[in-house]
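# Overview (structure and organization)
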Protein chains: 2
Amino acid sequence: MAKALPSRSENYSEWYNELVKRADLAENSAVRGCMVIKPYGFAIWEKMQRALDDMFKETGHQNAYFPLFIPKSFLSKEASHVEGFAKECAVVTHYRLKNAEDGSGVIVDPDAKLEEELIVRPTSETVIWSTYKNWIQSYRDLPLLINQWANVVRWEMRTRIFLRTAEFLWQEGHTAHATKDEAEAETRQMLDIYATFAEEWMAMPVIKGTKTANERFAGADDTLCIEAMMQDGKALQAGTSHFLGQNFAKAFDVQFLNKQNTLDYVWGTSWGVSTRLMGALIMAHSDDDGLVLPPKLAPIQVVIVPIYRTDEQLEAITAKIKPLVAELRKAGVSVKYDDSDANKPGWKFAEYELRGVPVRLAMGGRDLENGTVEIARRDLKTKEIVPFDGLTEHIKTLLDSIQQTIYDRAHAFRQANTFRIDTFEQFQEQLDKGGFLLAHWDGTSETEEAIKEATKATIRCIPLDQEAEEGSCVYSGKPSAGRVIFARAY
Amino acid sequence: MAKALPSRSENYSEWYNELVKRADLAENSAVRGCMVIKPYGFAIWEKMQRALDDMFKETGHQNAYFPLFIPKSFLSKEASHVEGFAKECAVVTHYRLKNAEDGSGVIVDPDAKLEEELIVRPTSETVIWSTYKNWIQSYRDLPLLINQWANVVRWEMRTRIFLRTAEFLWQEGHTAHATKDEAEAETRQMLDIYATFAEEWMAMPVIKGTKTANERFAGADDTLCIEAMMQDGKALQAGTSHFLGQNFAKAFDVQFLNKQNTLDYVWGTSWGVSTRLMGALIMAHSDDDGLVLPPKLAPIQVVIVPIYRTDEQLEAITAKIKPLVAELRKAGVSVKYDDSDANKPGWKFAEYELRGVPVRLAMGGRDLENGTVEIARRDLKTKEIVPFDGLTEHIKTLLDSIQQTIYDRAHAFRQANTFRIDTFEQFQEQLDKGGFLLAHWDGTSETEEAIKEATKATIRCIPLDQEAEEGSCVYSGKPSAGRVIFARAY
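First, a word on what this report is: a plain description of the structure on this page. (Residues numbered from 1 in each chain as written. Chains lettered and ligands numbered in written order. Predicted model: local features only at pLDDT ≥ 70, side-chain atom pairs only at ≥ 80, totals over all residues. Heavy atoms only, no water.)

## Some thoughts on the overall build of chain A
We count it as follows: Each helix is a run of DSSP H or I of at least 4 residues and each strand a run of E of at least 2, with the numbering of both proceeding from the N terminus. Think of it in three bands: residues with accessible area under 20% of the maximum for their type are buried, residues over 50% are exposed, and the middle band is partly exposed, with areas taken using a 1.4 Å probe on protein chains only. Contacts are assigned to residue pairs with any non-hydrogen atoms lying within 4.5 Å of each other. All accessible-area figures derive from a Shrake-Rupley calculation using a 1.4 Å probe, and residue coverage is judged against the displayed protein chains alone. Counted charges follow a simple rule, with Lys and Arg positive, Asp and Glu negative, and His plus the chain ends left uncounted. Every charge is mapped onto a representative atom, which is NZ of Lys, CZ of Arg, CG of Asp or CD of Glu.
Looking only at helices and strands, one finds 14 helices and 27 strands in chain A. The principal-axis extents of the C-alpha atoms in chain A amount to approximately 80 × 70 × 55 Å. The buried share of chain A, taken over its 490 residues, is 59%. A separation of at least 24 residues holds for 69% of the contacts in chain A among residues at least 6 apart in sequence. Looking at chain A as shown, the accessible area adds up to about 20,200 Å², and 47% of this sits on carbon and sulfur atoms. Computed over 58 positive and 72 negative side-chain charges, the inter-centroid distance for chain A is 2 Å.

## What about the sheet that holds strand β9 (residues 144–153) of chain B?
All names here are of chain B. Our working definition: Pairing between strands is defined by DSSP: at least two bridges between the two strands are required. Under this scheme, a helix contributes an axis fitted over its contacting stretch, all axes are lines through C-alpha atoms, and angles between N-to-C directions fall in the 0 to 180 degree range.
Read from one edge to the other, the open sheet built from 11 strands follows the order β3-β9-β10-β16-β13-β12-β11-β24-β27-β23-β22, with strand pairing classed as mixed. The open sheet has two free edges, formed respectively by β3 (62–63) and β22 (418–420), since each of these has just one partner strand. In the sheet, strand β12 (residues 222–229) pairs with strand β13 (residues 235–245) via 8 bridges, with the strands oriented antiparallel. Within β13, the position partnered with Met 229 by the bridge is Ala 235. This element, helix α6 (residues 180–201), spans β9, β10 (167–177), β11 (207–210), β12, β13 and β16 (267–274) of the sheet and lies at about 10° to β16.

## Brief notes about the relation of the copies chain A and chain B
What counts here: The copies were overlaid with a least-squares fit restricted to C-alpha atoms from residues scoring a pLDDT of at least 70 in each copy.
Mapping chain A onto chain B leaves a residual RMSD of 0.0 Å; the transformation is a rotation of 180° accompanied by 0.0 Å of translation along its axis. In the structure described here, the two chain copies are related by an operation that fits a two-fold rotation axis. Judged by C-alpha distance, A:Val92 is the residue of chain A that lies nearest the rotation axis, at 2.1 Å.

## Details of the sheet that holds strand β17 (residues 302–306) of chain A
All names here are of chain A. Spatially, β18-β17-β19-β20-β21 is the arrangement adopted by the 5 strands of the open sheet, whose pairing is mixed. The sheet is open, and its two borders are formed by β18 (335–337) and β21 (382–387), each paired with just one other strand. Strand after strand, the sheet turns through a mean of 20° between neighbouring axes, direction not considered. The pairing of β17 with β18 spans 3 bridges and is classified as parallel. Residue Ile 304 lies in a different strand from β18, and its bridge partner there is Tyr 337. Sitting on the sheet, helix α9 (residues 311–330) touches β17, β18 and β19 (359–363), and the angle it makes with β18 is about 165°. Against the sheet, helix α12 (residues 391–416) engages β17, β19, β20 (372–377) and β21, with an angle of about 10° to β20.

## Some points on the packing of aromatic side chains
Residue and element names in this part refer to chain B. Which entries qualify depends on this criterion: Working definition: a ring pair exists when centres of Phe, Tyr or Trp rings (six-membered ring for Trp) sit within 6.5 Å. Plane angles under 30 degrees give stacked, over 60 give edge-to-face, the rest tilted.
With the rule as written, the count across this model stands at 38 aromatic pairs over all chains. Between Tyr 132 and Trp 135 the ring centres are 5.8 Å apart and the planes differ by 35°, which places this aromatic pair in the tilted class. Of the two residues, Tyr 132 and Trp 135 are both situated in helix α5 (residues 125–135); the distance of 3 residues between them amounts to about one turn of the helix. Residues Tyr 132 and Trp 135 agree in their burial class; the two are buried.

## Brief notes about the interface of chain A and chain B
For the record, the criterion: Each of two parts loses accessible area, computed with a 1.4 Å probe, when they are put together; buried area is these two losses added. We define a salt bridge as a contact between a side-chain nitrogen of Lys or Arg and a carboxyl oxygen of Asp or Glu at a distance within 4 Å. In protein, a polar contact requires one atom able to donate a hydrogen and another able to accept it; more generally it is a pair of N or O atoms within 3.5 Å, and residues adjacent in sequence count only if both atoms are side-chain atoms. Here the nonpolar group is Ala, Val, Leu, Ile, Met, Phe, Trp, Tyr, Cys and Pro; Asp, Glu, Lys and Arg are the charged ones; every other residue, Gly included, is treated as polar.
If you look at the interface, chain A gives 61 residues, while chain B gives 61 residues. Note on chain A versus chain B: buried area summed over both sides is about 4,900 Å², and carbon and sulfur give 68% of it. Broken down residue by residue, the surface that chain A buries against chain B is led by A:Pro39, A:Tyr65 and A:Leu97, which jointly contribute 13%. Counting across the chain A and chain B interface gives 2 salt bridges. For the salt bridge of A:Lys57 with B:Glu46, the shortest nitrogen-to-oxygen distance reads 3.2 Å. Counting across the chain A and chain B interface gives 28 residue pairs in polar contact (both at pLDDT 80 or more). Looking at the side of chain A that touches chain B, its residues break down into 38 nonpolar, 9 polar and 14 charged. Sheet topology note: the strand β5 (residues 91–94) of chain A/strand β5 (residues 91–94) of chain B ladder contains 3 bridges and is antiparallel. Within the sheet, the bridge partner assigned to A:His94 lies in β5(B) and is B:Val91.

## Quick notes on the pairing of β12(B)
All names here are of chain B. Burial of β12 is extensive: 7 of the 8 residues sit out of reach of the surface. Here β11 pairs with β12 via 4 bridges, running antiparallel. Paired with Gly 209 across the two strands is Cys 225, which belongs to β12. Taken together, β12 and the strand that follows it, β13, pair antiparallel across an intervening segment of 5 residues, in which Gly 233 is found at a positive phi of about 85°.

## Here's the deal with the packing of helix α1 (residues 12–22) of chain B against helix α8 (residues 276–285) of chain B
Residue and element names in this part refer to chain B. Short version of the rule: Throughout, a crossing is termed right-handed when the near helix is turned clockwise from the far one, and left-handed when it is turned anticlockwise from it by less than a right angle.
Contact geometry of α1 with α8 gives a least axis separation of 11 Å together with a crossing angle of 120°. Every pair of crossing elements has a handedness; the one defined by α1 and α8 is right-handed. In this structure, α1 uses Tyr 12, Trp 15, Tyr 16, Leu 19 and Val 20 to contact α8, whose residues at the interface are Gly 279, Ile 282 and Met 283. Tallied by class, residues from the contact of α1 with α8 come to 7 nonpolar, 1 polar and no charged.

## Some details on unusual backbone geometry
Residue and element names in this part refer to chain A. Residues Leu 142 and Pro 143 are joined by a peptide bond in cis, for which omega reads -5°. Positive phi outside glycine occurs at Lys 381, with the angle close to 55°. Mapping Lys 381 onto the fold places it in the loop between β20 and β21. Residue Lys 381 is classed as partly exposed on the basis of its relative accessible area of 41%.

This is the structure in structure tokens:
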């Protein structure tokens, strides 16, 4: 039997790293900061992609594909944008290798230097807006509602699988609109889609809010975000939706004839979620025995393990199980019947627990006689004996219930770990224990920076549903009109 | 009304370029050799992806994701592999930009030079086999059946949208097996899947064959391929499946304990198709009026255009059409009702013809009275008046018939343009007219090279179903045991 995972309370960070590895989700590659997403991890990501893609298309977006490379001069066109990304760019400078003349091996051919260096996209606003310039002439060409699924590269110095990697997978939406109102509505609509996805698919409650100027996307007028709480009480930014104003339109001279027949700059948005969500999913729900996956994203929703001593028993169980498997599949449930004889039932139980399969059925000789089956749920670790008849309906209801229970548990956890804080002493004390701190802030970047410097806490967001409340800043004592959320974050 | 396309007979190459542009499939980007795949083009690619992905999964393959970057030393480990790819590699040498001290703008930071250069993957055998080394210890870990959907970069000097681009999208399967037989069977299975996809989805007949040593994948022992004929009589390699022998296992020291408990090198395969298939799809079927899409890959299968003079007429037509649209969608048919008043019906007809929508319905005042509708098929450009009742069934049958007709037409074209050639004079003469030349070849690389030099024709493949036939090489006169396929190719 494999060694137990480190426990969350002992070493949360080690628990995460080991779990990612043991559950076969991903691993570090030989290339610094780049990960290999393994088949089981990728199957979860594919489910996420499918659900999000459907939601994007339902709201009128289309997929397209833009180049991996961005000419250096493009990246430089929007001043704050290049400022934000210059420090972490992978740069292509040459386009050929050759054999060294001294026979020492393969080298970069110095004669094959690019005239202009190419940046591996860290995000695609610049290359996309340079293209939109040719696509947009009049208001009739708007809105342009486009998304792309792609890989991007940010040369981060400290990386962590799924959470912060040099290369990651994501989707990036880039829309263009005739009016400011329309672009703002789009920014908000996409935030709502992300929140719905996080809550209904990932079973992960999120807080919708606005980023402060310090935390804004480089090149945006406004950044909306969803913030989730992990089980160590830290925050994780799970998705962002940016209102770009006319910044990229101006940088790339994208003008259009409006209905009044005058030239105007186009309004833009961009929005994205990434494989970081995999990290969020793991840290939001899993426990010391392994993954806990919400049924809607589980590659295998139900595993069935036969318990037998003789081949005849196995045959009898299999004869009973096969029609059930077919019926479950027909009902849209993904199910695996694990009758391999390479491993014992106990090993299988632990393995599927580690992999977060939401429902486990076990059937042995006595079940066969009684017309029953043992059914175990991963989230609560409860077991019950239920009649074999009507099992498909029972399982469908159970899967819904698990999805809801996981969400409720994460929500209750967040509630229990969210604190109204009124003094800086309280602030520091609570922060070390973890959680979201609802505190007054005077609205200045200086105070925000000073708090970050002193405590490593950042303002996660100004909640969209912030209550108006007169108060004084927890740090400076200056007046404030409402609380914002502070936390340490991934 | 937009200008007509160039005709195929006049200038096939211009016809292709203009069609790609006008049908909104893709365009060249500001980055040399890299394309932008536009939403309509990408929607076709997504349908291709979905169909292929389903076939891969049905045969037990799983998706995963490996890094974009390959350390230069990895690429060099398999000698013929690096030989094949070194001349067209995009090389990342630095990881940061900075502001120039003289204020001249943003430059590559010379202090941020990578210790080892990274190659943007041209294909992923090396990075994947370096990973497989950690995943494979015993025969129990085999077979490993993995696929990835990814972008790759080959710095081609002469590029052409979809057909040969610096960056392209593809899938690459990489499998590992315990025995040579199993790996060979996998190589063949994937070739068959590609052929099935080309014929049943793309409606494009293909010839399955083996590549000669000259045309083999760099690092393979054997390359199987499917070859299609375009309407100008040239060949297009539409997919390849490689038997890698133990080459990459040896280069990356991937050994396993076999059932006899001895160490052995793992056997490998790799196989891929790319966005090149988009070029093949266009060139196989389209005509001087625009795209002709097989229904199974058409983003819009049916378009419905109302013909009206008054708002009341439009309302009456819409009331009749709406339930039909719902019924068609329920039947799995993708349908668009274009009641926009921005364009006249004639304009719409031309536009949907250009975009290759397989079936067009038009309904006017008289149809309304008579309970009929005009139905036009894109492939044959025929029209008929049919009763409105039972239309869904009629359309479903029609879509099947169009799929078959397009295939049959392409097949007949290939038959008519395939020639048995017995002298080199005939060979040269026919080649200028286009087509596949079935000719005897002496089996040597020298002869193959000489023919290529003299005629620009290459051996497309040695057909898997080659008939045994004694003959003499069309070039050297030396003995040959069967005919191979020569053609000029994309």
